[in-house]
Amino acid sequence: MEAQAPASLLSLMPYAGWLGVVIDEAAPERVVGGLDWSDERCTAGGVMHGGALMSLADSIGAACAFLNLPDGAATSTIESKTNFFRGAGSGRVTATAVPVHVGRTTIAVQTELRDDAGRLVALVMQTQAVVAPR
């Protein structure tokens, strides 16, 4: 698949849109997006909730996997591993997803989450199933 308009990718993920995830750039080799800090997305101490960060990473990673699918196939997350390194208490968290394995039955994607200062907030590795068309 070739690069796709970010808005059309986001329309496939209503939850991500509802949460406030934005996709800035989308191509098979890299998808970049973000999520702005807000009170509603926080946990104790005013830092962005881990669930919001994981949702951001899963959405951007899934978009990357989707762009690497064979024609007619679908994808679904089958495993996701997150390491958190620091909190994000303001600004925007930017997610950058790259494929590390594109196979016939699975696609593995690594997503870095970084704060406005470029510091690593979290690193996510997820595996997506390649679901053949029926």
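For the structure, see preceding data.
Residues numbered from 1 in each chain as written. Predicted model: local features only at pLDDT ≥ 70, side-chain atom pairs only at ≥ 80, totals over all residues. Heavy atoms only, no water.

Ranked by internal contacts, the top residues of the largest apolar core, which has 33 residues, are Val21, Ile23, Val31, Leu56, Ile60 and Leu113. Looking at this core, the elements that each hand over two or more residues are α1 (6-11), α2 (14-19), β1 (22-27), β2 (30-36), α3 (50-67), β4 (92-102), β5 (106-114) and β6 (120-131). Per element, the largest residue contribution to this core is nine residues, and it comes from α3. Look past the residues within four positions of isoleucine 60 in its chain and what remains in contact with it is Val21, Val22, Ile23, Val31, Gly33, Ala95 and Ala97. (Core = buried A, V, L, I, M, F, W, Y, C linked by side-chain atoms within 4.5 Å. Buried < 20%, exposed > 50% of the residue type's maximum accessible area, 1.4 Å probe, protein only. Helix = DSSP H or I, 4+ residues; strand = E, 2+ residues; numbered from the N terminus. Contact = heavy atoms within 4.5 Å.)

One open sheet holds the six strands; their spatial order is β1-β2-β4-β5-β6-β3, and the pairing between them is antiparallel. Looking at strand neighbours, the two that pair on one side only are β1 and β3 (74-84), the edges of this open sheet. When strand polarity is set aside, the average angle formed by the axes of neighbouring strands in this sheet is 20 degrees. As paired elements, β5 and β6 share nine bridges and run antiparallel to each other. Considered in β6, the bridge of glutamine 110 is made with methionine 125. (Pairing = 2+ DSSP bridges. Axes fitted to C-alpha atoms, helices over the stretch in contact; angles between N-to-C directions.)

All right, on to the pairing of β1 then. Where β1 and β2 come together, five bridges link them in antiparallel fashion. Looking at the pairing, isoleucine 23 lines up with glycine 33 of β2. The loop that links β1 with its antiparallel partner β2 comprises two residues.

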